[in-house]
Amino acid sequence: MAISGSAALLPLLNAIDSGKDVALANKEALVMAGPIIVRQARTKKTMIIPVDSEQSAIWQCLDGEDKSKLKNIYLTASGGPFRNAPKKDFKNISVKRVLRHPTWKMGRKISVDSATMMNKGLEVLETMFLFDVGVEKIKVVIHPESIIHSMVEFIDGVVIAQLSATDMRIPIQYALSYPQRLPSGLTSMDFYKLGKLNFEKPQFSRFPCLGLAYRVAREGGAAPCALNAANEVCVEEFLNKRLDFISIPKVIEKVLGKHKNIGNPDLNDILATDSWARQEAQRIIHN
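A brief report on the enclosed structure follows. Nothing here was measured: the structure is a model prediction, and the numbers come from that model. As a convention, each chain's residues are numbered from 1 in the sequence order in which they are written. Note on the predicted model: pLDDT of at least 70 is required for a residue's local features to be given, and 80 or more for side-chain atom pairs to be given and counted; whole-chain, interface and lining totals, by contrast, use all residues. Excluded from the side-chain calculations are hydrogens and water; all other atoms, namely the structure's heavy atoms, are used.

### Some words on the side chain of T76
No. 1: Within the secondary structure, T76 is located in strand β3 (residues 70-77).
No. 2: Between two residues, a contact is recorded if the distance between any of their heavy atoms is within 4.5 Å. Discounting residues that sit within four places of it in the chain, T76 has contacts with E54, K120, V141, H143, I148, H149, S150 and M151. Elements are defined by DSSP. Helices are runs of H or I of four residues or more, strands are runs of E of two residues or more, and each kind is numbered from the N terminus.

### Some details on the sheet that holds strand β5 (residues 148-154)
No. 1: The four strands are arranged β4-β3-β5-β6 in an open sheet whose pairing can be described as mixed. Both outer strands of the open sheet, β4 (138-142) and β6 (159-163), are each paired with one neighbouring strand and no more. Across the sheet, the axes of successive neighbouring strands diverge by a mean angle of 20°, strand direction being ignored.
No. 2: Of the strand pairs in this sheet, β3 and β4 are connected by five bridges, and their pairing is parallel. Residue Y74 lies in a different strand from β4, and its bridge partner there is K139.
No. 3: Along the sheet, helix α6 (residues 118-131) contacts β3 and β4; its crossing angle with β3, the most-contacted strand, is approximately 150°. Strands qualify as paired when DSSP identifies two bridges or more between them. Convention adopted: a line fitted to C-alpha atoms gives each axis, helices being fitted over their contacting stretch, and angles between N-to-C directions are expressed from 0 to 180 degrees.

### Some points on the nonpolar core
No. 1: One finds I37, L125, L227, F245, I248 and I252 to be the most contacted residues of the largest nonpolar core, which totals 86 residues.
No. 2: It is helix α10 (residues 223-239) that provides the largest number of residues to this core, a total of eleven residues.
No. 3: Apart from residues no more than four positions distant in its own chain, L125 is found in contact with V31, A213, V216, A217, P224 and L227. Nonpolar core, defined: a set of buried Ala, Val, Leu, Ile, Met, Phe, Trp, Tyr and Cys residues in which side-chain atoms within 4.5 Å join the residues together. Three labels apply to residues, based on accessible area from a 1.4 Å probe with only protein chains included: buried if under 20% of the type maximum, exposed if over 50%, partly exposed otherwise in between.

### Overview of empty space enclosed by the protein
No. 1: Points on a 1 Å grid, built from protein atoms alone, make a cavity when a 1.4 Å probe fits but cannot get out and make a pocket when they are open with protein on both sides within 12 Å along at least 5 of 7 lines; residues with an atom within 4 Å of a point are the lining residues. Grid points are joined across faces, edges and corners, and a volume is the space filled by probe spheres set on the points. Inspection of every chain in the model, using the stated rule, returns one cavity of 30 Å³ or more.
No. 2: As a volume, the largest cavity reaches approximately 60 Å³.
No. 3: Every residue lining the largest cavity is counted, twelve residues in all, and those nearest its centre are S53, H149, Q162, S164 and P171.
No. 4: Residue contributions to the lining of the largest cavity peak at three residues, all from helix α3 (residues 53-62).
No. 5: Here the term charged refers only to Asp, Glu, Lys and Arg, the term nonpolar to Ala, Val, Leu, Ile, Met, Phe, Trp, Tyr, Cys and Pro, and the term polar to all other amino acids, Gly among them. A per-class count over the lining of the largest cavity returns five nonpolar, six polar and one charged.

### What to know about a negative patch on the surface
No. 1: Surface patches are drawn from residues lacking salt bridges whose relative accessible area is over 30%; two like charges belong together within 9 Å, two nonpolar side chains (Val, Leu, Ile, Met, Phe, Trp, Tyr) within 5 Å. Per-residue and other accessible areas follow the Shrake-Rupley method at a 1.4 Å probe size, with only the shown protein chains counted as cover for residues. For this analysis, a salt bridge means a side-chain nitrogen from Lys or Arg found within 4 Å of a carboxyl oxygen belonging to Asp or Glu. Positive charges come from Lys and Arg alone, negative charges from Asp and Glu alone, with His and the N- and C-terminal ends not counted. Taken as the charge centre is NZ of Lys, CZ of Arg, CG of Asp or CD of Glu, depending on the residue. Among the surface-exposed residues, D63, E65, D66 and D156 lie close enough to one another that they form a single negatively charged patch.
No. 2: Along the chain, the position of D63 falls in the loop between α3 and β3.
No. 3: Note on D63: relative accessible area 48%, which makes it partly exposed.

### Quick word on the packing of α6 against helix α9 (residues 208-219)
No. 1: Where α6 meets α9, the axes come as close as 7 Å, and the angle between the chain directions of the two elements is 20°. By the criterion of interaxial angle, the relationship of α6 to α9 is roughly parallel. Relative to α9, α6 is oriented so that their crossing is right-handed. Across from M118, K120, G121, V124, L125 and M128 in α6, the residues of α9 making contact are C209, L210, A213, Y214, V216 and A217.
No. 2: Residue composition of the contact of α6 with α9, by class: ten nonpolar, one polar and one charged. Note on angle classes: values under 35 degrees are labelled roughly parallel, values over 145 roughly antiparallel, values of 65 to 115 roughly perpendicular, and the remainder oblique. Each crossing gets its hand from how the near helix is turned against the far one by less than a right angle, where anticlockwise is left-handed and clockwise is right-handed.

### A closer look at the layout of surface pockets
No. 1: The volume enclosed by the largest pocket comes to roughly 680 Å³.
No. 2: As for the largest pocket, its lining consists of 35 residues, of which K27, D52, M106, I110 and N119 are closest to the centre.
No. 3: Counting only elements with at least two residues in the lining of the largest pocket, the list comes to α3, β3, α5 (108-116), α6 and β5.
No. 4: The greatest single-element share of the lining of the largest pocket, amounting to four residues, is contributed by α5.
No. 5: In terms of residue class, the lining of the largest pocket is made up of eleven nonpolar, 15 polar and nine charged.
No. 6: Within this model, the second largest pocket holds a volume of roughly 420 Å³.
No. 7: Lining the second largest pocket are 16 residues, with I48, W59, K67, L130 and F131 positioned closest to its centre.

This is the structure we're talking about:
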């Protein structure tokens, strides 16, 4: 399933309900309604196999491991096109610059999310629900080379990482061939040429969308759904040049400030929250 954004939610639930295993390349559906999706998958005894490179890496690193011995999950992030850009330049960032990612060639929506680091925030929420892990165990680390796709750390201090070339054909193929590993036809990594790998701590002041994602992860309930809906509206408005890049997190934060959370939402609550948050985001932007 490679439907983009919240439009994937109902098709995903229908696929699970019909007893199908799903290779999932969409993160927004899990962000919106993770507990509902995971609960239904368990009831129907179906698998949700992650295609996203970071989630696929975590899934592979945890395969066969005792999850009760897990200490931390490290989600790696490229840092996007503005990792080192002066913060004062953010207010003048154009759509063209945002879509020019330094590592991956991606769709328009995910490219904007990568530039704001909301993409990594959505992955924090996705990881929580997909692997049933508390947000306090999920760390984000900026890794510009994008060679390590994620890591897991266990209580004995051992860290297991999944490394591969920056090519989405690898996690897509493994999701479709699981549990078999098949030849990919891709060039093997050359560690002699690779030289070194770099890691940085993300700056929440530079990328406030990441902080907002951690905030709703702690709040739970329907808050992640409100975040996702507001973000989708903001991204669309930015791509249509009706909203500045720097205003994206500001609008999302205002929507969250007005949101009345529901602690244990059902599907109707999720759909209502999604609709409300979109309307509220539009109202804030137009005002």
